[in-house]
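Take a look at the letters that make up each chain.
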Amino acid sequence: MKTFEDVIVEWHGHVALVEICRPPLNFFDVTLIEHLAETFETLDQKDHCRAIVLAAKGKAFCAGADFSSGGGDLFKPESDNNAVTLYRAAARLFRCRKPVVGAIHGAAIGGGLGLSLVPDFRVICPETRFAANFVQLGIHPGFGISLVLPRLIGQQQAQLMLLTGRRIKGEEALASGLGDKLVASDRVRDEAIALATEIARCAPLAVESTRATLRQGLAEELPARLEHEFAEQAWLAETADHREGLAAVKERRPGQFSRS
């Protein structure tokens, strides 16, 4: 099995713990998502693997793209490392046949929220934070969030998150269905492995068949939605409001937007 410096795999019986290793904030880029996709695809072909836990080292689960060091290239169609390439890798994650449990121990922000939606279940803690802060950056949501989030928590709750950019804490995430189990921060990983192990004890063909029925249409719909999200991001990235949003977040102040 191919190994990467930023993605490691640790076995717990029939459960593969896949860990993102870019602490403390685990910012993603095209390379990281491609490494995750290749890892998931390899595990998908292993009969020994019956479930996956997606976790991360550091303070945050994933703080999304790092706009302070070139993350803005994600929205430039002419860039070799734009979000089109990244979203193709994201679509590969959603095509994984094995059940996935997320160990979301800290912040999952922006595209990091999108990554946290890849798992079927999320074990969280009071310190967990979910946020789709795209509108605060003057940009359209990406990573398939506009499709996956409403399926998970309902249209109204998803609208509330996507149109305000607000942060959702652990207790509220549990109540909304964004989180499935709330535990102490030092128990998140162990509880995620325990849930994945419970799934892995069941008949694997039946588990995969049932999961495919429950997720029917998601992986098939995702490419068209990702294409739409990127098209919206590309033109919005050229606006003054997007530049103001980036400046406001960097300076930790409310944005002063001008509809331009």
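See above for the structure.
Residues numbered from 1 in each chain as written. Predicted model: local features only at pLDDT ≥ 70, side-chain atom pairs only at ≥ 80, totals over all residues. Heavy atoms only, no water.

(A) Spotlight on the overall build of the protein. Regarding its fold elements, the protein presents ten helices and nine strands. Reported as C-alpha extents along the three principal axes, the dimensions of the protein are approximately 55 × 35 × 35 Å. Counting the 260 residues in the protein, one finds 52% classified as buried. Sequence-distant contacts, at least 24 apart, represent 73% of the contacts inside the protein between residues at least 6 apart. For the protein, the exposed surface amounts to about 12200 Å²; the carbon and sulfur share of it is 52%. With 30 positive and 33 negative side-chain charges, the protein shows a spacing of 3 Å between the two charge centroids. (Helix = DSSP H or I, 4+ residues; strand = E, 2+ residues; numbered from the N terminus. Buried < 20%, exposed > 50% of the residue type's maximum accessible area, 1.4 Å probe, protein only. Contact = heavy atoms within 4.5 Å. Areas by Shrake-Rupley, 256 points an atom, 1.4 Å probe, with all protein chains shown as cover. Lys, Arg positive; Asp, Glu negative; His and termini not counted. Charge placed at Lys NZ, Arg CZ, Asp CG, Glu CD.)

(B) Region of interest: the sheet that holds strand E4 (residues 100-104). Strands sit in the order E1-E2-E3-E4-E6-E9 across an open sheet of six strands; the sheet is mixed. Each edge of the open sheet carries a strand with a single partner, namely strand E1 (7-12) and strand E9 (181-182). Where E1 meets strand E2 (residues 15-20), six bridges bridge the pair, whose relative direction is antiparallel. If you follow Val 7 over to E2, its bridge partner there is Ile 20. Sheet strands in contact with helix H1 (residues 30-44) are E1, E2, strand E3 (51-56) and E4, and its direction is about 175° off that of E2. (Pairing = 2+ DSSP bridges. Axes fitted to C-alpha atoms, helices over the stretch in contact; angles between N-to-C directions.)

(C) Structural context of the nonpolar core. Counting 63 residues, the largest nonpolar core has Ile 33, Leu 36, Leu 115, Phe 130 and Phe 143 as its most contacted members. The leading source of residues in this core is helix H2 (residues 83-94), at eight residues. Setting aside chain neighbours within four positions, we find Phe 143 in contact with Phe 28, Ile 33, Leu 86, Tyr 87, Ala 90, Phe 94, Gly 111, Gly 114, Leu 115, Val 118, Leu 226 and Glu 229. Counting residues in each nonpolar core, the second largest holds 17 residues, with Ala 103, Val 123, Val 188 and Ile 193 among its members. (Core = buried A, V, L, I, M, F, W, Y, C linked by side-chain atoms within 4.5 Å.)

(D) Just the packing of aromatic side chains, in detail. What the rule picks out here adds up to two aromatic pairs. Both rings, one in Phe 28 and one in Phe 143, keep their centres 5.8 Å apart while their planes meet at 40°; by these two values the pair is tilted. In this pair, Phe 28 is assigned in the loop between E2 and H1 and Phe 143 in the loop between strand E7 (129-131) and helix H4 (145-153), connecting sequence segments 115 residues apart. On the basis of relative accessible area, Phe 143 is assigned to the buried category, the value being 1%. One aromatic cluster in this structure is built from Phe 28, Tyr 87 and Phe 143. (Phe/Tyr/Trp six-rings, centres within 6.5 Å; stacked < 30°, edge-to-face > 60°.)

(E) Examining the environment of Phe 134 more closely. Looking at where Phe 134 falls in the secondary structure, it is placed in the loop between E7 and H4. Classification of Phe 134 as buried rests on a relative accessible area of 7%. Between the C-alpha atoms of Phe 134 and Gly 110, which are 24 residues apart in sequence, the distance is 6.3 Å. Setting aside its immediate chain neighbours within four residues, Phe 134 contacts Gly 110, Gly 111, Ile 139, His 140, Pro 141, Gly 142, Ile 145 and Gln 233.

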